[in-house]
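Each chain, written out:
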Amino acid sequence: MSTSDVSRLVLRNHLAELRRLAVWVERWTQEGVSPNVSFALQLCLEEAVANVIMYGATDGEFKIAIELERLGGTLVARIEDNGQPFDPTQVAPHPLPSTLKDAKIGDLGIHLVRSFASRMDYERRHGRNRLTLRFEEQVGPAP
Amino acid sequence: MDIATEDLGGEITKVTLRGRLDTTGAVQLELPFNRLATEQRKVLVDLSSVSFLASYGIRVLLVGAKIVDGKNGKLVLSCPAPSVAKVLKTAGIDQVIPIFDSESTAIAALK
């Protein structure tokens, strides 16, 4: 894979599309991506795209475009959609539970993205949400 | 996502989950898992064959644990793969649902 390769996938806002996303990301990470970063990338894309599908609906169908790019030792994932404006970077931190009775159901997705991605940036541009996630790959020993 | 159950005796039911506990898998699991949690009082959930865990999967496990706890029962998790264990820990689930590295310690905790 060259360092300037950009891969792109376009999904409809249906939950069934998450399976297509998983297969695509898994295939993309098979070459030259460490298991830890591969897992983090799969988890964060699953959570971010599921959020868009479940909460981004306006009036019917819209498209979600996902791009993956490798920039040196950094993997960059961009998620763009024309659903309702939603900035996940502004969501309050998720309180961790101390007892089973107090444990809150739901709202974990963004907490996981914050924890597993190295960086998360959001912008709203031309009526579209654009979320950029970065993952730092550990530099391995020279071949 | 596959689910299999086994009666281990002593009222303990082992629930083995296999596959990806992602959003799609968790949606499939939700009803049968809730039914099990409603019917059983001592539940050991074997996660060793779960290759992926997302927030909806955590939600299903948490709801199941709450149902069992509401009947004064107990639900424990056993043998998650390191990546799955990391997701559980990041979500704080290890603080509210016991997680064991071996099936024998999980069974002992249910007795």
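For clarity, every value in this text was computed on a predicted model and none was experimentally measured.

Asker: Lay out the pattern of salt bridges in plain terms, naming residues and giving numbers.
Answerer: Note that side chains of opposite charge can pair when their charged atoms are close. All names here are of chain A. Using the criterion set out here, one finds 18 salt bridges over all chains in the structure. One salt bridge in this structure joins Arg 8 and Glu 67, with 3.1 Å as the shortest N-O distance. A residue pair is termed long-range when its members are at least 10 positions apart, and Arg 8 in strand E1 (residues 6-12) and Glu 67 in strand E2 (residues 63-71) qualify at 59 residues. Residue classification places Arg 8 among the exposed positions, given a relative accessible area of 53%. Here Arg 78 and Glu 69 are joined by a salt bridge, their closest N and O atoms 2.8 Å apart. Taken individually, Arg 78 and Glu 69 each receive the classification buried, so the pair is uniform in this respect. Each of Glu 80, Glu 123, Arg 125, Arg 128 and Arg 130 takes part in a single network of salt bridges with overlapping partners.

Asker: Could you give me a rundown of the packing of aromatic side chains, with the residues and numbers involved?
Answerer: Throughout the structure, instances matching the rule amount to one aromatic pair over all chains. Their ring planes at 50° and their centres at 5.3 Å tell us that Phe 39 of chain A and Phe 52 of chain B sit as a pair that is tilted. Of this pair, Phe 39 of chain A sits in helix H2 (residues 35-55) while Phe 52 of chain B sits in strand E3 (residues 42-53), each in a different chain. Residues Phe 39 of chain A and Phe 52 of chain B agree in their burial class; the two are buried. The aromatic ring of Phe 52 of chain B is capped on one face by Arg 20 of chain B, whose charged end is 4.2 Å from the ring centroid. We note Arg 59 of chain B situated over the ring of Tyr 56 of chain B; from NZ or CZ to the ring centre the distance is 5.3 Å.

Rules used in this analysis
- Residues numbered from 1 in each chain as written.
- Chains lettered and ligands numbered in written order.
- Predicted model: local features only at pLDDT ≥ 70, side-chain atom pairs only at ≥ 80, totals over all residues.
- Heavy atoms only, no water.
- Salt bridge = Lys/Arg side-chain N within 4 Å of Asp/Glu carboxyl O.
- Helix = DSSP H or I, 4+ residues; strand = E, 2+ residues; numbered from the N terminus.
- Buried < 20%, exposed > 50% of the residue type's maximum accessible area, 1.4 Å probe, protein only.
- Phe/Tyr/Trp six-rings, centres within 6.5 Å; stacked < 30°, edge-to-face > 60°.
- Lys NZ or Arg CZ within 6 Å of the ring centre and 35° of its normal.

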